[in-house]
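Okay, here's what each chain looks like letter by letter:
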Amino acid sequence: MQFNGLKISDFLKAHGIMMKDLSHNAGNFRVDNVGIFGDNELLYLAPC
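The shown structure was predicted, so the numbers you read here are calculated from the model rather than taken from an experiment.

What counts, and at which threshold
- Residues numbered from 1 in each chain as written.
- Predicted model: local features only at pLDDT ≥ 70, side-chain atom pairs only at ≥ 80, totals over all residues.
- Heavy atoms only, no water.
- Pairing = 2+ DSSP bridges.
- Helix = DSSP H or I, 4+ residues; strand = E, 2+ residues; numbered from the N terminus.
- Buried < 20%, exposed > 50% of the residue type's maximum accessible area, 1.4 Å probe, protein only.
- Patch = residues over 30% accessible without salt bridge, like charges linked within 9 Å, V, L, I, M, F, W, Y side chains within 5 Å.
- Areas by Shrake-Rupley, 256 points an atom, 1.4 Å probe, with all protein chains shown as cover.
- Salt bridge = Lys/Arg side-chain N within 4 Å of Asp/Glu carboxyl O.

Asks: Let's hear about the pairing of strand S1 (residues 35-38): which residues, and what values?
Replies: Across four bridges, S1 lies against strand S2 (residues 41-45) in antiparallel orientation. Of the residues in S2, the one forming a bridge with Gly 38 is Glu 41. Where S1 hands over to S2, the hairpin turn is made up of two residues, of which Asp 39 adopts a positive phi near 50 degrees.

Here you go:
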């Protein structure tokens, strides 16, 4: 299977395959904020 990394549909398809059992949002753009926490504090908040 080949993907064109410049096509959004191919990018999302590849993401869906790689994250299938790891993320409830596999193959879709994220709509919720996510962050990295350490010692009960927010270290990084990813853009949404």
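Past the structure itself, the notes keep going.
Asks: Lay out the environment of Ser 9 in plain terms, naming residues and giving numbers.
Replies: For Ser 9, the location among the structural elements is in helix H1 (residues 8-18). Residue classification places Ser 9 among the partly exposed residues on the basis of a relative accessible area of 46%. Residues Ser 9 and Cys 48, spaced 39 residues apart in sequence, show a C-alpha to C-alpha distance of 19 Å.

Asks: Tell me about unusual backbone geometry, and name the residues and values.
Replies: The phi torsion at Asp 39 lies on the positive side, around 50 degrees, for a residue other than glycine. Looking at Asp 39, the relative accessible area reads 77%, which means it is exposed.

Asks: Tell me about a nonpolar patch on the surface, and name the residues and values.
Replies: Judged by side-chain polarity, Met 1, Phe 3 and Ile 17 come together as a nonpolar surface patch covering roughly 360 Å² of accessible area. Along the chain, the position of Met 1 falls in the segment before H1.

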